Amino acid sequence: MDMQTVYEFELPRGYVDGSGGLHKRGKMRLATAGDEISATRDPRVLSNPSYLSIVVLAKVITELEGVEMVTTTLIEKLFTADMAFLQDMYQKINNVEPVMIRAVCPECGAVHEVPLNFTREG
(Lines give C-alpha, C1' and ligand atoms only; values in the text may rest on other atoms or scores of the structure.)
Protein backbone atom coordinates (compact mmCIF):
# COMPACT_ATOMS: atom_id res chain seq x y z
CA MET A 1 0.00 0.00 0.00
CA ASP A 2 1.52 3.30 -1.11
CA MET A 3 0.74 6.41 0.89
CA GLN A 4 0.42 9.68 -0.98
CA THR A 5 2.81 12.23 0.52
CA VAL A 6 2.92 14.89 -2.22
CA TYR A 7 -0.12 16.72 -3.59
CA GLU A 8 -0.40 18.92 -6.66
CA PHE A 9 -2.25 22.22 -6.56
CA GLU A 10 -3.21 25.19 -8.71
CA LEU A 11 -3.43 28.56 -7.01
CA PRO A 12 -6.65 30.51 -7.58
CA ARG A 13 -4.79 33.72 -8.52
CA GLY A 14 -1.11 32.79 -8.74
CA TYR A 15 2.23 34.18 -7.67
CA VAL A 16 3.44 37.13 -9.76
CA ASP A 17 7.23 37.31 -9.85
CA GLY A 18 9.37 40.45 -10.24
CA SER A 19 9.26 40.15 -14.04
CA GLY A 20 5.47 39.88 -14.13
CA GLY A 21 5.48 36.11 -14.72
CA LEU A 22 2.51 34.22 -13.31
CA HIS A 23 3.06 30.94 -11.43
CA LYS A 24 0.04 28.84 -10.41
CA ARG A 25 0.89 25.12 -10.34
CA GLY A 26 2.85 23.56 -7.53
CA LYS A 27 3.28 20.69 -5.11
CA MET A 28 2.86 20.42 -1.36
CA ARG A 29 4.14 17.54 0.74
CA LEU A 30 2.77 16.25 4.01
CA ALA A 31 4.17 18.08 7.03
CA THR A 32 6.37 16.36 9.57
CA ALA A 33 6.53 16.98 13.29
CA GLY A 34 9.96 18.49 12.67
CA ASP A 35 8.50 21.03 10.23
CA GLU A 36 6.08 22.32 12.82
CA ILE A 37 8.55 22.23 15.72
CA SER A 38 11.28 24.07 13.82
CA ALA A 39 8.75 26.64 12.61
CA THR A 40 7.70 27.44 16.19
CA ARG A 41 11.38 28.10 17.03
CA ASP A 42 11.86 30.50 14.10
CA PRO A 43 12.71 34.00 15.44
CA ARG A 44 10.09 35.60 13.16
CA VAL A 45 7.40 33.36 14.67
CA LEU A 46 8.63 34.03 18.21
CA SER A 47 8.19 37.77 17.65
CA ASN A 48 4.95 37.41 15.64
CA PRO A 49 3.01 34.12 16.09
CA SER A 50 0.82 34.84 13.04
CA TYR A 51 3.95 34.28 10.92
CA LEU A 52 3.82 30.55 11.72
CA SER A 53 1.74 29.59 8.69
CA ILE A 54 4.14 31.42 6.36
CA VAL A 55 7.14 29.52 7.74
CA VAL A 56 5.36 26.16 7.64
CA LEU A 57 4.08 26.66 4.09
CA ALA A 58 7.58 27.61 2.91
CA LYS A 59 8.78 24.26 4.30
CA VAL A 60 6.06 22.03 2.81
CA ILE A 61 5.57 23.61 -0.62
CA THR A 62 8.21 21.71 -2.57
CA GLU A 63 7.60 23.21 -5.97
CA LEU A 64 6.01 26.18 -7.71
CA GLU A 65 6.24 26.10 -11.50
CA GLY A 66 9.02 28.28 -12.85
CA VAL A 67 10.33 29.27 -9.41
CA GLU A 68 13.75 28.07 -8.32
CA MET A 69 12.99 27.93 -4.59
CA VAL A 70 9.94 28.52 -2.39
CA THR A 71 10.89 30.83 0.48
CA THR A 72 9.07 32.75 3.20
CA THR A 73 9.59 35.91 1.12
CA LEU A 74 7.72 34.30 -1.78
CA ILE A 75 4.90 33.13 0.52
CA GLU A 76 4.59 36.68 1.91
CA LYS A 77 4.03 37.97 -1.64
CA LEU A 78 1.09 35.66 -2.37
CA PHE A 79 -2.36 37.15 -2.75
CA THR A 80 -4.60 36.53 0.27
CA ALA A 81 -6.84 34.21 -1.78
CA ASP A 82 -3.82 32.02 -2.57
CA MET A 83 -2.62 32.08 1.04
CA ALA A 84 -6.07 31.02 2.26
CA PHE A 85 -6.19 28.28 -0.39
CA LEU A 86 -2.81 26.90 0.71
CA GLN A 87 -3.71 27.04 4.41
CA ASP A 88 -6.91 25.13 3.72
CA MET A 89 -5.05 22.58 1.59
CA TYR A 90 -2.46 22.13 4.36
CA GLN A 91 -5.23 21.44 6.86
CA LYS A 92 -6.96 18.97 4.53
CA ILE A 93 -3.95 16.89 3.51
CA ASN A 94 -2.55 16.77 7.04
CA ASN A 95 -5.95 15.96 8.56
CA VAL A 96 -5.81 18.99 10.81
CA GLU A 97 -9.05 19.71 12.61
CA PRO A 98 -10.78 22.61 10.87
CA VAL A 99 -11.21 25.90 12.68
CA MET A 100 -14.76 26.02 14.03
CA ILE A 101 -16.78 29.20 14.37
CA ARG A 102 -20.10 29.90 16.01
CA ALA A 103 -22.81 30.94 13.56
CA VAL A 104 -26.26 32.20 14.36
CA CYS A 105 -29.12 31.41 12.00
CA PRO A 106 -30.69 34.71 10.91
CA GLU A 107 -34.10 33.02 10.55
CA CYS A 108 -34.52 31.19 13.86
CA GLY A 109 -31.63 32.42 16.01
CA ALA A 110 -30.25 28.89 16.55
CA VAL A 111 -26.52 28.75 17.25
CA HIS A 112 -24.40 26.26 15.30
CA GLU A 113 -20.70 25.33 15.25
CA VAL A 114 -19.56 25.28 11.62
CA PRO A 115 -16.12 24.72 10.05
CA LEU A 116 -14.41 27.78 8.66
CA ASN A 117 -13.42 27.05 5.06
CA PHE A 118 -10.88 29.38 3.43
CA THR A 119 -11.56 28.27 -0.13
CA ARG A 120 -14.49 29.01 -2.35
CA GLU A 121 -16.00 25.89 -3.86
CA GLY A 122 -18.79 25.54 -6.35
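Residues numbered from 1 in each chain as written. Predicted model: local features only at pLDDT ≥ 70, side-chain atom pairs only at ≥ 80, totals over all residues. Heavy atoms only, no water.

Draft legend 1. View of the layout of surface pockets. If you add up the space inside the largest pocket, you get close to 250 Å³. Around the largest pocket, the lining is made up of 10 residues, and of these E36, L52, S53, V56 and Y90 lie nearest the centre. Of all elements in the fold, only helix 1 (33–41), helix 3 (52–60) and helix 5 (80–93) reach the threshold of two or more residues within the lining of the largest pocket. Take the lining of the largest pocket: its biggest share by element is four residues, from helix 3. Partitioning the lining of the largest pocket into residue classes produces five nonpolar, four polar and one charged. (1 Å grid on protein atoms, 1.4 Å probe; cavity = no way out; pocket = protein on both sides within 12 Å on 5 of 7 lines; lining within 4 Å. Points joined across faces, edges and corners; volume = space filled by probe spheres on them. Helix = DSSP H or I, 4+ residues; strand = E, 2+ residues; numbered from the N terminus. Nonpolar A, V, L, I, M, F, W, Y, C, P; charged D, E, K, R; others polar.)

Draft legend 2. Region of interest: the packing of helix 1 against helix 3. One way to put it is that helix 1 packs onto helix 3 with a least axis distance of 9 Å and a crossing angle of 140°. In terms of orientation, helix 1 and helix 3 fall into the oblique class. Helix-helix and strand crossings are classified by hand; for helix 1 and helix 3 the assignment is right-handed. Contacts from D35, S38, A39 and T40 of helix 1 reach helix 3 at L52, V55, V56, K59 and V60. (Axes fitted to C-alpha atoms, helices over the stretch in contact; angles between N-to-C directions. Parallel < 35°, antiparallel > 145°, perpendicular 65-115°, else oblique. Left-handed = near helix turned anticlockwise from the far one by under 90°. Contact = heavy atoms within 4.5 Å.)

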